[in-house]
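Chain by chain, the residues:
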Amino acid sequence: MRNTAGTSTVTEFAYEMLTHSGYDPYIIFNAIPWDECVTMLNFYKRKPWPTSETGVFCGMEGVKVERFLPEFAIFNYILNFRNWLRGLEQASKHLVVGGTCIQGLPLAIKNIPFACWIGTTFRDQHKLQIDEFSFHRKYRNKLAFPIQQRYEHFVLESADVILVQSNHTKQQVTKTIGVPESRVEVLPFPIDTDEYVPGGPNNKNEILFVGRINAQRKNTALLLKAFAHVLEEVPEAELTLVGDEPNQELLALINDLEIKSSINVEGRVPDVVPYYQRAAVFALPSNQEGLGIVGLEAQSCGTPVVSTRCGGPSDYIIDGENGFMVPIGDEDAFAEALKRLLTNRQIRNTFGERSRDMVVKNYAMTEIKSKLHSYIAQL
């Protein structure tokens, strides 16, 4: 299965597109694990210092830059600034890809021309991730947040091209950060409509979820609670979970709801397309999505989507025409939408056909590749 993390998926696409367009791309990124960083413990215990590493990462050539004092998030691109510049010195063009634009900070400081292609803003990311962290990390991020927002504003003001993956993110960038609308272009992540195609036997009772099951932002608990309501009226319904194995908290909820016998936990799979093709409906219960690539993949396979109004999916789900949109956290509304699709074959088929047509028309690979290439060529 492809990496379900949006940033990794977008990075891999950009790298492949640039390679096929005649460029010789490489990636540069900050190390994440603390044992690959210079922490306060390195000073206290006089441990050896990690250094930048050149190599192949997830099939992409690049440079992994060690962070200094990762305990303080505001230093992530500051204390290792010179190492970033050394990693960047071979490049003639620069594309910043990330959840937010913060990776562009070294480029902005050095006044190097760059384009950025982002999925979300610090405000959206912060208010959701804050519930997933330990107390120490919550406090650390709360203190760093105002400074990181200033970094974000500085990077976006410095960017030559600003690309966002959805109209929701464009609205956040223009209204929350204050960047003029004329400087922000929507460029969604493309879908390979030759790979993600309708077909295969359909299970009229199956609801599918694909993603990071245990991430609180994905709100899998909402889906489980809604599914319990579905079973009251559609006892033959099934819920298939593709991605991580559920953690203890979700397993306890499944047991409490007494729905275990109706759930299929598939874990990570080599090919997710057959699951999209087989399902009657795809569920996207998130609290926030910059775009929600999995929803588009499902639609490309002709599977209608039920989603919360969590941001990005509003670009491709037209409520009552090719899928259903419900309020965030509303398990009753989510359950009703799921039941309506499971029990009405005509609506399910109509929504599936409209979804496929919409993806082919607006998210096809060739057109978006061409647009991204032209933006980079401007630099």
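Everything here concerns the structure above.
Since we're looking at a predicted model, the values are computed, not measured.

As for the packing of helix α11 (residues 293–300) against helix α13 (residues 345–362)
Where α11 contacts α13, the axes come no closer than 7 Å and their chain directions differ by 115°. In terms of axis orientation, α11 runs roughly perpendicular to α13. The segment α11 lies against α13, with Leu296, Gln299 and Ser300 engaging Gly352, Ser355, Arg356, Met358 and Val359.

Notes on the packing of aromatic side chains
Taken as a whole and assessed by the stated rule, the structure comprises nine aromatic pairs. When the centroid spacing of 5.3 Å and the interplanar angle of 65° are considered together, the rings of Phe324 and Phe351 count as edge-to-face. Taken together, the residues span a long stretch of sequence, with Phe324 in strand β13 (residues 323–326) and Phe351 in helix α13 at a distance of 27 residues. The class of Phe324 is buried, set by a relative accessible area of 8%. For Phe351, a relative accessible area of 5% corresponds to the buried category. Through a chain of ring-to-ring contacts, three or more aromatic side chains come together here, namely Phe13, Trp117 and Phe189.

Things to note about the sheet that holds strand β10 (residues 263–267)
Taken together, six strands build an open sheet; the order of strands is β10-β9-β8-β11-β12-β13 and the sheet is parallel. Only two strands of the sheet have a single neighbouring strand rather than two, namely β10 and β13. Across the sheet, the mean angle from the axis of one strand to that of its neighbour is 20°, orientation sign disregarded. Direction of pairing for strand β9 (residues 238–243) relative to β10: parallel, over a ladder of four bridges. Note on β10: the bridge partner recorded for Thr240 is Asn264.

About the criteria used
- Residues numbered from 1 in each chain as written.
- Predicted model: local features only at pLDDT ≥ 70, side-chain atom pairs only at ≥ 80, totals over all residues.
- Heavy atoms only, no water.
- Axes fitted to C-alpha atoms, helices over the stretch in contact; angles between N-to-C directions.
- Helix = DSSP H or I, 4+ residues; strand = E, 2+ residues; numbered from the N terminus.
- Parallel < 35°, antiparallel > 145°, perpendicular 65-115°, else oblique.
- Contact = heavy atoms within 4.5 Å.
- Phe/Tyr/Trp six-rings, centres within 6.5 Å; stacked < 30°, edge-to-face > 60°.
- Buried < 20%, exposed > 50% of the residue type's maximum accessible area, 1.4 Å probe, protein only.
- Pairing = 2+ DSSP bridges.

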